[in-house]
Amino acid sequence: MTQSCWAPVLGAILLVPTWHSAWAEESPVLPLTTVVANRLETDLDDVGSSLTLLDGERLERAQLTHLEDALRWSPGLFSESTGGQRGSVSSLFLRGTSTAHAHVRVDGIRLSDSTVQSNNFLGNASLGGISRVEVLRGPQSALYGGESIGGVVNLLSQRGAGAPATAFTAEAGSFSSVDLRLASQGAFDSGLAYALQVGREATHNDPQGMATDLDHHQRAYALRLDYELSADARVGVTFRGGHAEFHDAFGGENFTDYQLVTLFGELNVTDAWESRLRLGAYTEAYDFGAPSTFATDAEKFSLSWENVWAINDHHQLAFGSLWESTDYAQDFAFPGDRDQWALYANHVWEVNDALVLSGGVRWEDYDDYGDEFTWRGTVAYTFPTETTVRASYGTAFRTPNLLELNGSPFEMGNPHLDPERAQGWDIGVTQKLGDAFRVAVTWFESEIEDQILDPFGAAPTNISGSAKAEGLELEASGEVADGLYVGVAYTYLADSLVGLPEHVWNGRVLWEVSDRVDLGLGLSYVDERTLGGDLLDAYFLARIHGRYQVNDHVAVHARLENLFDERYEHASFGGITSPGRRLGAFGGLTISW
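> Can you help me understand the pairing of strand S16 (residues 273-289) in this one?
Across a regular strand the side chains alternate sides, sitting on one face of the sheet and then on the other. Alignment of strand S15 (residues 253-268) against S16, held across 15 bridges, turns out to be antiparallel. Paired with Gln 259 across the two strands is Thr 283, which belongs to S16. Hairpin geometry of S15 and S16 is characterised by an intervening segment of 4 residues between the two adjacent antiparallel strands.

Laid out in structure tokens, this is it:
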């Protein structure tokens, strides 16, 4: 490692306070439990997998409004707008794997699969109406099915609570940027709760002397409704969608429309058995060109039955089934469709107060190529010093996508393709310092076999042999004093499947100076990489932000992005670079009632 590589690592470590007397003794800041890790509510100390929970309110305090920016707070994950700046397609790299190996879920519905990947959604997804972002790392197909080799990103919509309240935010700034958002949420005595957010964003981005512009426009909305039928029965619905336009560096017009609808009903069958039915529909349409020269249309429908059975004080079982159907059409390709069925079970055994074991299995059957069986196991042991040792092992797979199986007028499909299969493990230590701060270090390794090679103009094939992704994750976050939050996420990749940076770290500080004043600082470093095929230089970014509550109904905020005016590129394809935005200043106000 060169001296320049060590500098950001040391900077990340210096952001973590080292004196125990500084740790806050207030109530915990991080959520105490999670569902994503075992498909049933589990205390964080009992989770054997590597997991990061990002709280929506904290992300809002940091003045982050886009999912892509929030994901950089998680170790083991690299999210980059490889097509340009705000509004372009994005990529999601979990633990050194590709976007095709990452599983993205919203409100219990899978948005991405091997055919309908998450690039378009990630490039335009806002945090509007999101209460929590969860990143579960490592092979997770036993819990969530295909395309979970790198891990799972799970988004949960905000549920309305308390007296109805509404806020309108208007922001403007550099690059002719304007961002307008309206948010309202609350609950009524009748049992109805709601949470609504709508927004509109426009920016010219920062073309930096290009012959073309990089204009981006977007409309987005999110709505969740919950209704309590009784103490034991609940129903709800969520709507999320948007329309985005982006003028890329090649002069093309990109249009993306997406809509997600979920319907769910929950029932406490007995005191020990909770059951849920969930229906989901996701549509995504993408067009490139003016007039269009390339387009894709995707529809996904799913019906799931999810159950949690508390067998006794020491044993819990999550089990259920899934039906999912995907229809996909692309210009210059043959349309395709796929149906799949799945059964799963995951058992959590609290052996005693210190030791928790979990194990799960899943069977999935695809009508166009066959079935898959996956499994996983985890262990978590907590010592009296509040030190938790974690370990997990699991298997996962990526199915051949519909284009690889069916082909196009320009290349043959291969209906005999095998899926990509993976096995991986990790081991880590989490140390609690006081009630509100955690430090976690994890080493991980994954091996992927039968990777699919899809050269243009030829039939895709499985590559013999295997590839490896391995590295180290460091995460430290929490309150170090009353009102002072510090977070660090660092990733070292010893091996990866694509040209990812060897070192990535993100540091942030949020300081609630008083009831009226919030201040914040963000620092990030990305090492050299070869996204797009060309070598890209490392870069270091800094941001500062602040908020002042004028009175009970009015607040003003401001921030500077890329504080030191760093010149850097997101990607480079054949010498054509996608530069990042330079120094930008933004400010606005929020009116609430």
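Back to the write-up after that little detour.
> What should I look at first to understand the environment of Arg 398 in this one?
Checked against the element boundaries, Arg 398 lands in strand S22 (residues 387-398). A relative accessible area of 4% places Arg 398 in the buried class. Arg 398 has contacts with Ala 100, His 101, Ser 114, Glu 147, Ile 149, Glu 404, Pro 419, Glu 420 and Ile 452, leaving out every residue within four places of it along the chain. Polar side-chain contacts of Arg 398 include one of 3.3 Å to the side chain of Glu 404.

> Is there a simple way to explain unusual backbone geometry in this structure?
Among all residues except glycine, the phi angle is most often negative; among peptide bonds, the trans geometry is most common. Within the chain, Gln 63 stands out as a residue other than glycine whose phi angle is a positive 60°. Relative to the helices and strands, Gln 63 is located in the loop between helix H2 (56-61) and helix H3 (67-71). Taking relative accessible area as the criterion, Gln 63 reaches 11% and is therefore assigned buried. Although it is not a glycine, Phe 175 adopts a positive phi angle of roughly 60°. With respect to the helices and strands, Phe 175 occurs in the loop between strand S10 (165-173) and strand S11 (177-187). On the basis of relative accessibility, which here comes to 17%, the residue Phe 175 falls in the buried class.

> Could you clarify how one ought to interpret the pattern of salt bridges in this entry?
Should their charged atoms come close, side chains of opposite charge can pair. On inspection of all chains with the given rule, the structure shows 34 salt bridges. For Arg 95, the salt bridge goes to Glu 473, with nearest N and O atoms at 2.7 Å. Residue Arg 95 is found in the loop between strand S5 (91-94) and strand S6 (102-106), and its partner Glu 473 is found in strand S29 (residues 466-481); the two are separated by 378 residues along the sequence. Residue classification places Arg 95 among the buried residues on the basis of a relative accessible area of 2%. For Glu 473, a relative accessible area of 2% puts it in the buried group.

> Mind showing me how you'd approach the confidence of the model for the chain here?
The predicted structure's coordinates, where accompanied by low pLDDT, should not be read in detail. When pLDDT is averaged along the chain, the result is 90; 93% of the residues meet or exceed 70. Segment residues 1-31: pLDDT under 50, and 53 contacts once partners within four positions in sequence are set aside and those in other chains are kept.

> Looking at this structure, how should I read the sheet that holds S6?
Pairing between the strands of a sheet comes from backbone hydrogen bonds, and it takes one of two forms, parallel or antiparallel. The strand order S3-S8-S9-S6-S7 describes an open sheet built from 5 strands, whose pairing is mixed. Looking at strand neighbours, the two that pair on one side only are strand S3 (50-55) and strand S7 (109-110), the edges of this open sheet. Bridging between strand S8 (residues 130-137) and strand S9 (residues 151-157) involves 7 bridges; their strand directions are antiparallel. Pairing of Glu 134 across the sheet is with Asn 154, part of S9.

> How should I be thinking about the packing of aromatic side chains in this particular structure?
To describe a pair of aromatic rings, you give the distance between the ring centres and the angle between the ring planes. Inspection of every chain in the model, using the stated rule, returns 12 aromatic pairs. Ring centres 6.2 Å apart and planes at 20° place the aromatic pair Phe 78 and Phe 93 in the stacked group. Residue Phe 78 is located in strand S4 (residues 77-80), and its partner Phe 93 is located in strand S5; the two are separated by 15 residues in the primary sequence. The same class applies to Phe 78 as to Phe 93, namely buried. For Arg 39, the ring lying beneath its charged end belongs to Tyr 344, and the centroid distance is 4.2 Å. The ring of Tyr 485 carries the charged tip of Arg 58 above its face, separated from the ring centre by 4.1 Å.

> What should I look at first to understand the nonpolar core in this one?
The tendency in soluble globular proteins is for nonpolar side chains to be buried side by side. Among the nonpolar cores identified, the biggest contains 30 residues, and Leu 67, Leu 71, Phe 121 and Val 133 are the most heavily contacted of them. Listing elements by their share of this core, those giving two or more residues are H3, S5, S6, helix H4 (119-124), S8, S9 and S15. With sequence-adjacent residues up to four places away left out, Leu 67 is seen in contact with Phe 121, Leu 122, Ala 125, Ser 126, Leu 127, Val 133 and Leu 155. One finds Phe 444, Leu 493, Val 526 and Tyr 568 within the second-largest nonpolar core, a separate group that totals 11 residues.

Cut-off values and rules
- Residues numbered from 1 in each chain as written.
- Predicted model: local features only at pLDDT ≥ 70, side-chain atom pairs only at ≥ 80, totals over all residues.
- Heavy atoms only, no water.
- Pairing = 2+ DSSP bridges.
- Helix = DSSP H or I, 4+ residues; strand = E, 2+ residues; numbered from the N terminus.
- Buried < 20%, exposed > 50% of the residue type's maximum accessible area, 1.4 Å probe, protein only.
- Contact = heavy atoms within 4.5 Å.
- Polar contact = N/O pair within 3.5 Å; in protein donor to acceptor, adjacent residues only side chain to side chain.
- Salt bridge = Lys/Arg side-chain N within 4 Å of Asp/Glu carboxyl O.
- pLDDT = per-residue confidence, 0-100.
- Phe/Tyr/Trp six-rings, centres within 6.5 Å; stacked < 30°, edge-to-face > 60°.
- Lys NZ or Arg CZ within 6 Å of the ring centre and 35° of its normal.
- Core = buried A, V, L, I, M, F, W, Y, C linked by side-chain atoms within 4.5 Å.

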